[in-house]
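# Per-entry structural report
Here are the chains, one letter per residue:
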2 protein chains.
Amino acid sequence: MQGKKISRRSLLGGAAVATVALVQTSVGKVLQPIQTATPPEDPTKTVGPLPSKVGTRSPFENSVRKPSDISSRTPLQDMYSTITPADLHFERHHAGIPTIDPNKYELLIHGMVKRPMKFSLHDLKRFPAVTRTCFIECAGNFRTGKEDMTPQEILGLTSQSEWTGVMLSTLLREVGVDPKSTWFLAEGSDAAILTRSIPVSKAFDDAMIVYAQNGEAIRPAQGYPVRLLLPGWEGNTNVKWLRRLEFGDQPWMTREETSKYTYQVGEKVRQFSFEMDARSIIIYPSYPGKVEPGYIEIRGIAWSGRGKVNKVEVSTDGGKNWEIANLQEPVLSKAHTYFRYLWHWDGRQTEILSRVTDETGYIQPTLQQLKDARGPEMGGYHLNPITAWTVKRDGSVWLKPEEFKKL
Amino acid sequence: MQGKKISRRSLLGGAAVATVALVQTSVGKVLQPIQTATPPEDPTKTVGPLPSKVGTRSPFENSVRKPSDISSRTPLQDMYSTITPADLHFERHHAGIPTIDPNKYELLIHGMVKRPMKFSLHDLKRFPAVTRTCFIECAGNFRTGKEDMTPQEILGLTSQSEWTGVMLSTLLREVGVDPKSTWFLAEGSDAAILTRSIPVSKAFDDAMIVYAQNGEAIRPAQGYPVRLLLPGWEGNTNVKWLRRLEFGDQPWMTREETSKYTYQVGEKVRQFSFEMDARSIIIYPSYPGKVEPGYIEIRGIAWSGRGKVNKVEVSTDGGKNWEIANLQEPVLSKAHTYFRYLWHWDGRQTEILSRVTDETGYIQPTLQQLKDARGPEMGGYHLNPITAWTVKRDGSVWLKPEEFKKL
């Protein structure tokens, strides 16, 4: 179905020489030899750069996040599976990325506990460790409104890592939480001193204190040396650069949970809307890609903050008919799950969509369904609508934009 | 059991200022602001670097590979789980890392096939894709002989990635392999033009043509833009920078499979010893770490080229008694599997060891068992002995070295 016969080979053109360069940073570290984007005509005639301390990307790969002063977005359209490389994990900071000396790091746990304690990073690493692969998604992860938007621009504020650390419940057995405690405060050590109130039930469920990401020490932009991990809950509650947990019997009503992350929906106000709703998006094909008629494997990611993805359906006719997509194993709870669906495109203009159903039975809504349910005041958080792509006759792919105040 | 009471807090000392620097490489790319290792005394008083296109590691983390002219070794002792960050994946090259223009890339499949074809990278990506997490290990991955060796030095030539690509069997349906073909040749486009002969049965089993690693495009040092993936088989057969597959009815007896990767064992010569035997190693505690008496979570990795890890046993008394370790879920076939075992150390000198049993029932041997089985001529490949660590009274951890010609 693809490929071309050997006789159709076109000759390689152009002469170029591979260059090896040493990089010197302003902090004095010599990095590794790197490849440049002018490869030799025949790579078998040139010995390439030798092994190095730290590898690099190909000079032909220029996938980056889209940074603003407060966030940067994962280039989902360039991703082939569900692990996000740590240096492309989305960011959302309230006052930049603090630099923290791991040798001076301490986590204080106090309040309604029998034995208030401080734990060094060394202490935390001595406890029994657990590894869990899950997504973290920003509560405000939605944009639409124009055709030329990539998955990164629409919802690039979600990423996935293999996290390692200690179960929070393990630490709580050390400090002895008062059974009357119902909430705890998590505080970061960034310049915003970001704080959130979290129900104690989550602490005893699956909350983790994590110090590693994708096999290695957590990155500064994701909370080095330690962050709170609340699988499936909105990103900002997974407090980065975590320095303090205080146990109490009511929420603290902090700046971030009153001025932000509290929002009007219809005639009510939503607060402490922690769980991220099930969501999916087709990332191939997507804008600015282009496809040819014939077989196209539609690919995307689906996830739910409430458990496993149960199924993903794909429509290639604008939502009239839906077919079941294949899910890449292993399907993990509260994790980005890769889906694929083989489609034969006849070359006519159409719309392609995906929708996920999670293990609670929840079905991803359309934006119109969200509008109908919420009324004119939608709020800017927890918007998880189906994304529709228009595939035009020339093979170009465009977002089907919808009316939404936020763009 | 760990942590210290709040009253024992020592005051933070020293004044320092966070610095933000821009890095300029010799190829003209401005990278992101970076953190330096002089953090402010109080990070809450300083706005840190803002979000960036590509993230960096903490300046306090300096884990690197150990490069020589032909290889570099993964720092396993610094790893917390089973994914190896792509830029720390081990390397073993026979003539450096070729620079390949992905727009000119072609994979030729020919020989005993009905329709010889060439596939561009674009072609390969159009086929139904599969993602698989598995290890790749060099056949020569073993060193011993002195006490002060890290896991990286002993067996750092194994790494794990989440690979994505197309099943080789899918491509073979396109070209129509002659049923009489029993072997195929895989050829790389590095300056060594590394070639290996592979049984066709592997092509129809689980062989893949992969173009992605850990979510993104494969790295140059791992075969950009395309490598052969033979799950569980010795590293060199997973040909990097793959440019040609030729189908035939006998092995080619190429340079690499005769001068290398063919070796005397006892009175026989081993060739085409593809499958990597089951292996495990404790990576915490290990040299040059130091531990304190009390509870210690022993941690390590175990794997097998023949399927899943069935169990890992840990001994904390030099091999007299063995206990079952916990395996981190999900346990995947032909994949590094993390194990953990909670040990209470009484402070006396002892030896700690791990041994794996895979799903075929194969049990990892000691070096002495390997010597007994093979005789004085051991060969330098496929050596997978149990690694024993001596924990001394002062808490220092040292390799228990064994006599082996190869160091």
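Residues numbered from 1 in each chain as written. Chains lettered and ligands numbered in written order. Predicted model: local features only at pLDDT ≥ 70, side-chain atom pairs only at ≥ 80, totals over all residues. Heavy atoms only, no water.

Scanning the model with the defined rule gives 52 salt bridges over all chains in all. For Glu216(B), the salt bridge goes to Arg57(A), with nearest N and O atoms at 2.5 Å. In this pair, Glu216(B) sits in strand S13 (residues 216-217) while Arg57(A) sits in the loop between strand S1 (4-5) and strand S2 (71-72), so the two residues belong to two different chains. According to the relative accessible area criterion, Glu216(B) is buried, its value standing at 7%. Among the ionic pairs, Arg244(B) bridges to Glu187(B), the shortest N-O distance being 2.9 Å. Of this pair, Arg244(B) sits in strand S15 (residues 242-248) while Glu187(B) sits in strand S10 (residues 183-188), and the two are 57 residues apart along the sequence. For the residue pair Arg244(B) and Glu187(B), the accessibility class agrees, reading buried in each case. Among the ionic contacts, a cluster of salt bridges with common partners joins Arg57(A), Asp87(A), Glu216(B) and Arg219(B). (Salt bridge = Lys/Arg side-chain N within 4 Å of Asp/Glu carboxyl O. Helix = DSSP H or I, 4+ residues; strand = E, 2+ residues; numbered from the N terminus. Buried < 20%, exposed > 50% of the residue type's maximum accessible area, 1.4 Å probe, protein only.)

Residue Pro285(A) follows Tyr284(A) across a cis peptide bond; omega there is -5°. For Pro285(A), the location among the structural elements is in the loop between strand S16 (279-284) and strand S17 (294-303). In this model, Trp241(B) sits at a positive phi of 50°, which is unusual for a non-glycine residue. With respect to the element layout, Trp241(B) can be found in the loop between strand S14 (227-229) and S15. Note on Trp241(B): relative accessible area 2%, which makes it buried. The phi dihedral of Met253(B) is positive, around 55°, even though this residue is not glycine.

Next up on the list: the UniProt feature "domain: Oxidoreductase molybdopterin-binding" (unreviewed entry) in chain A. The positions UniProt marks with the feature "domain: Oxidoreductase molybdopterin-binding" (unreviewed entry) are residues 94-252 of chain A. From the first C-alpha to the last, residues 94-252 of chain A spans 19 Å; its make-up is 16% helix and 36% strand. (UniProt positions renumbered as here; feature names shortened; annotations may be inferred.)

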